[in-house]
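As a plain string of letters, each chain reads:
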Amino acid sequence: MVNVAVLGYGTVGSGVVEVINTNHDSINKKAGDEINIKYVLDLRDFPGDPVEKVLVHDFNVILQDPEVDIVVETMGGLHPAYEFTKSALLADKSVCTSNKELVATYGTELLKIAKEKSINYLFEASCGGGIPIIRPLNSSLTADEIDQITGILNGTTNYILTKMGRDGSDFDEALAEAQNNGYAERNPEADIEGYDACRKIAILSSLAYGRHVDYHDIYTEGITKITAVDMKYAQEIGAAIKLLATSCKVDDGFYAMVCPGMINESSPLYSVNGVFNAIFIHGNVLGDAMFYGSGAGKLPTASAVVADVVDEAKHLHRNIMMNWSSRTLKLCDVSTMENRFFVRVKGSVSEKIDKVNEIFGRVEPISLPAVPGEFAFITKKMKESEFKAKADQMGEEILGRIRVFF
Ligand code: HSE
């Protein structure tokens, strides 16, 4: 029997208990042993819930029980999740988690402890919810040198942007609806400001490139400035606006960025709508691959966590090598990254086009009858710093800009 303790009986933790109970027989068969939930830790009581029989309020009960082999950390947040995870690993218990903040912040240290102790720290559910992506990166794509990862890694923002594109609603309206439908949290800052996607691309990049990518080093821009007018222009040029989390190898350097971007039908990410997530990967021998599915939610996320429990049950006291060294990958300064930009300008084409052409080179103006008093254009590819200098010359005449990835 493999004994498991679940830390936190919230959305994901209760999902883990539900998945293990629902698919008990097939999970045991795949694990080659019986998976038994010995404890669930939560500060709250759950009167009438079957979990009552295994509920504890003190983490030390779990830590000091030598029969506990695997700890499932589904508490979220950094503290006390970090302290609990570290002490569980030091006590020879494998840990698996859905906590992207913890993995992005302390993953290097926790993986090192797991390796030294010949146990495991697994985190399939930390990126892309139920989509298998950590395991493919760590075990299936090992023949490749990965040179690009671009993902729609946040379901909340993808829901909001999809809604804005479909209904013509403005950001605040779409956010309120996402909150009413339970997709967005009451405090949605981590999602809409891009912080959640930033942590996820840091984790994926650390695994793909084999060195620790510090999420603090990743340039991050959220979706709060995207408007219904931006969506109208995007539709006019056959594009969709998505919050993209990307990292890539250019020559010998690596860039990483989270920002709203315009993509068109040529991108496999174009049709990823609503709360779905997808991760596009390019490898030097594989070429393109895409992973698509439910990026959030109780059962999809729990499915990924339980897959880690099964893997850990199959590898008790044997470390699964992770391609994530403690050396930090120094990212290139984003100001040297080359991009194209969609730019909106105040005024009419006849008034402003000469100045725009003088500063940006010859561009094709885009005017929409439904949006009087302004026009837009797309620049050629240029360094971020070059774009900033040109945009500064235009000053307040620029109403907004979005990176273009086609
Ligand atoms: N808030 C996250 C999202 C949950 O919207 O994608 C899954 O990590």
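Given the structure is predicted, the values throughout are model-derived calculations rather than measurements.

Partitioning the chain into domains gives domain 1 (2-129 + 298-325), domain 2 (143-293) and domain 3 (335-404). The straight-line distance from the C-alpha centre of domain 2 to that of domain 3 is 23 Å. Between domain 2 and domain 3, the residue contacts involve 17 residues of the former and 17 residues of the latter. Taking both partners together, domain 2 and domain 3 bury about 1,500 Å²; carbon and sulfur atoms supply 71% of that area.

Structurally, the position occupied by K86 is in helix α4 (residues 81-90). Each C-alpha atom, one on K86 and one on I113, is 7.9 Å from the other, the two residues being 27 residues apart in sequence. Look past the residues within four positions of K86 in its chain and what remains in contact with it is E109, L110 and I113.

What follows is about the packing of aromatic side chains. Applying the stated criterion across every chain, the model contains twelve aromatic pairs. Taking the centre distance of 5.8 Å and the plane angle of 85 degrees together, the rings of F123 and W324 count as edge-to-face. Residue F123 is found in the loop between β6 (121-122) and α6 (134-140), and its partner W324 is found in the loop between α12 (298-314) and β14 (325-328); the two are separated by 201 residues along the sequence. Neither F123 nor W324 differs from the other in exposure class; each is buried.

A few words now on the site of the ligand. Near the ligand, the surroundings consist of K100, N154, G155, T156, D191, D196, K200, G295 and A296. Between N154 and the ligand, the recorded distance is 3.5 Å, taken from a side-chain N or O atom to an oxygen atom. When the ligand sits alone it has 260 Å² of accessible area, and the protein chains cover 83% of it. Where the shell around the ligand is concerned, the elements lending two or more residues are α7 (155-167) and α10 (195-209). When its residues are assigned to classes, the shell around the ligand shows one nonpolar, four polar and four charged.

Quick notes on the rules
Residues numbered from 1 in each chain as written. Predicted model: local features only at pLDDT ≥ 70, side-chain atom pairs only at ≥ 80, totals over all residues. Heavy atoms only, no water. Domains from an automatic or database assignment. Contact = heavy atoms within 4.5 Å. Buried area = accessible area lost by both parts, 1.4 Å probe. Helix = DSSP H or I, 4+ residues; strand = E, 2+ residues; numbered from the N terminus. Phe/Tyr/Trp six-rings, centres within 6.5 Å; stacked < 30°, edge-to-face > 60°. Buried < 20%, exposed > 50% of the residue type's maximum accessible area, 1.4 Å probe, protein only. Near = heavy atom within 4 Å. Polar contact = N/O pair within 3.5 Å; in protein donor to acceptor, adjacent residues only side chain to side chain. Areas by Shrake-Rupley, 256 points an atom, 1.4 Å probe, with all protein chains shown as cover. Nonpolar A, V, L, I, M, F, W, Y, C, P; charged D, E, K, R; others polar.

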